[in-house]
Amino acid sequence: MITLKNIHQAAEQIADTIKETPILTSTALSSICGNNMFLKSEHLQKTGSFKIRGATNKVKKAVQEGATYVTAASSGNHGQAVAYIANVLGVPATIVVPEDATASKLNAIRDYNGRIEKCGTTSAERLPRAKQLASEKYGVFIPPYDDPYIMAGQGTVGLEVLKQLDDVDVVVVPVGGGGLVSGILTAIKETKPHVKVIGVEPETANDTYLSLEKGLITSIPGTKTIADGLRTSQPGDLTFPIVQKYLDDLVLVNEAEIQQALFFVLERMKQVIEPSSAVAVAAAMFGKLGVTDKNVACVLSGGNMDVRKLGT
Ligand SMILES: *Cc1c(COP(=O)(O)O)cnc(C)c1O
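For clarity, every value in this text was computed on a predicted model and none was experimentally measured. (Residues numbered from 1 in each chain as written. Predicted model: local features only at pLDDT ≥ 70, side-chain atom pairs only at ≥ 80, totals over all residues. Heavy atoms only, no water.)

> Would you take a moment to explain the pattern of salt bridges for this structure?
Pairs may arise between side chains of opposite charge once their charged atoms sit close together. For the structure shown, the criterion picks out 13 salt bridges. The shortest N-O distance in the salt bridge between Arg53 and Glu160 comes to 2.9 Å. Placement of Arg53 in helix α3 (residues 51-64) and of Glu160 in helix α7 (residues 148-164) is noted, with a sequence separation of 107 residues between them. Exposure remark for Arg53: the relative accessible area of 0% places this residue in the buried category. Taken together, the salt bridges that share partners define one network made up of Lys40, Glu42, Arg53 and Glu160. (Salt bridge = Lys/Arg side-chain N within 4 Å of Asp/Glu carboxyl O. Helix = DSSP H or I, 4+ residues; strand = E, 2+ residues; numbered from the N terminus. Buried < 20%, exposed > 50% of the residue type's maximum accessible area, 1.4 Å probe, protein only.)

This is how it looks when you write it as structure tokens:
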């Protein structure tokens, strides 16, 4: 398991690359939720999501150990983050993407000089290809969540929340493979154990919810949700034990709730967030947290979305 020390080391390692993102507030949102709401704004992070934190920690470590090439399997935020930091460090990156990846996502990877290889439509096809490419050229494969350096990097979000919000009571975190929440849990529970951490999944991508219920890693056959960053089919081998040990609660939101939360943040707060971020706000807006009059921080995990889809 990762430790608080790993997260402090990650914070040092990534300090010159990432931004300390702001905390936004809204009295309208607070009154709807019945809590004092604070939004940790990783949609304003470099590359548009928190993924740059873990990617930077892991890619820097790999390069320090002699890697001259990195690969990743992702069309989304992780792929962009790996391409960005590899470009900054001057090492080539190949990002293996699905055949049907949207042009806007491919362009973002290309903007960071990432090489793109298309492979299949499922992560079961992409993952082995990205690992194979890495091994052929003495490169390092950068996993999206199930890795101690990735998890420690994502955990720096938790350190910042504690620093920026001295009297926070509850932190609400979107859960995909669990890299973000396991890092945040380690940072928070090993610093201020009384602060509650609540995870959120879409009803249709409830693999971590089911795994917690059964007490072991449980895979779901498919995930159909607008929150595309949360479409993992099972929690990670390294992330899940931390979730099991520390998470106070895991709540589910439906697609309509995610959409309403996204529209609220867009319309009332003028912030472009992606559906994966909106799940945390939805949990607070629709009364799923089981707390009132508390200081609640929702992690807005990213802001990358195809804005052309708005209004259609
Ligand atoms: C990857 C991602 C998540 C989920 O993070 P995990 O570490 O896989 O749990 C949530 N939101 C956004 C925007 C993401 O890109």
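> Help me out: how do you make sense of unusual backbone geometry in this one?
As a rule of thumb, non-glycine residues mostly have phi less than zero, and peptide bonds are mostly trans rather than cis. Although it is not a glycine, Tyr138 sits at a positive phi angle of roughly 55°. Within the secondary structure, Tyr138 is located in the loop between α6 (123-136) and β6 (140-141). Backbone geometry at Lys270 places phi at a positive 60°, although glycine is not the residue there. Take Lys270: it is sitting in the loop between α11 (255-269) and α12 (275-285).

> Where do I start with the sheet that holds strand β10 (residues 295-300) in this structure?
Where strands meet in a sheet, backbone hydrogen bonds hold them as pairs that are either parallel or antiparallel. Ordered in space as β1-β2-β10-β7-β8-β9, the 6 strands form an open sheet in which the pairing is mixed. Strand pairing shows two members of the sheet lacking a second neighbour, β1 (23-25) and β9 (249-253), which therefore form its edges. Each adjacent strand pair in this sheet contributes to an overall mean axis angle of 30°, direction not counted. Note: β1 against strand β2 (residues 36-41), 3 bridges, orientation antiparallel. Considered in β2, the bridge of Ile23 is made with Lys40. (Pairing = 2+ DSSP bridges. Axes fitted to C-alpha atoms, helices over the stretch in contact; angles between N-to-C directions.)

> In this structure, what is going on with the domain arrangement of the protein chain? I would like to understand it.
By a widespread convention, an interface's size corresponds to the accessible area lost as its parts come together. Segmentation of the protein chain into domains returns domain 1 (4-49 + 147-309) and domain 2 (51-141). Taken together, the contact between domain 1 and domain 2 spans 27 residues of the former and 20 residues of the latter. Carbon and sulfur atoms supply 49% of the area buried between domain 1 and domain 2, which totals about 2000 Å² over both sides. Where the side of domain 1 that touches domain 2 is concerned, the elements lending two or more residues are α1 (4-14) and α7. Here the side of domain 1 that touches domain 2 takes 8 residues from α7, the largest share from any one element. (Domains from an automatic or database assignment. Contact = heavy atoms within 4.5 Å. Buried area = accessible area lost by both parts, 1.4 Å probe.)

> What exactly am I supposed to notice about the sheet that holds β6 here?
Judged by pairing direction, the sheet is parallel, and its 4 strands sit side by side in the order β5-β4-β3-β6 without closing on themselves. Only two strands of the sheet have a single partner each, and these edge strands are β5 (115-118) and β6. Summarising the sheet, strand β3 (residues 70-73) and strand β4 (residues 93-97) pair through 4 bridges and their orientation is parallel. Each residue of the ladder has a partner; that of Ala72, found in β4, is Ile95. Packed onto the sheet, α6 meets β3, β4, β5 and β6 and runs at close to 175° relative to β3.

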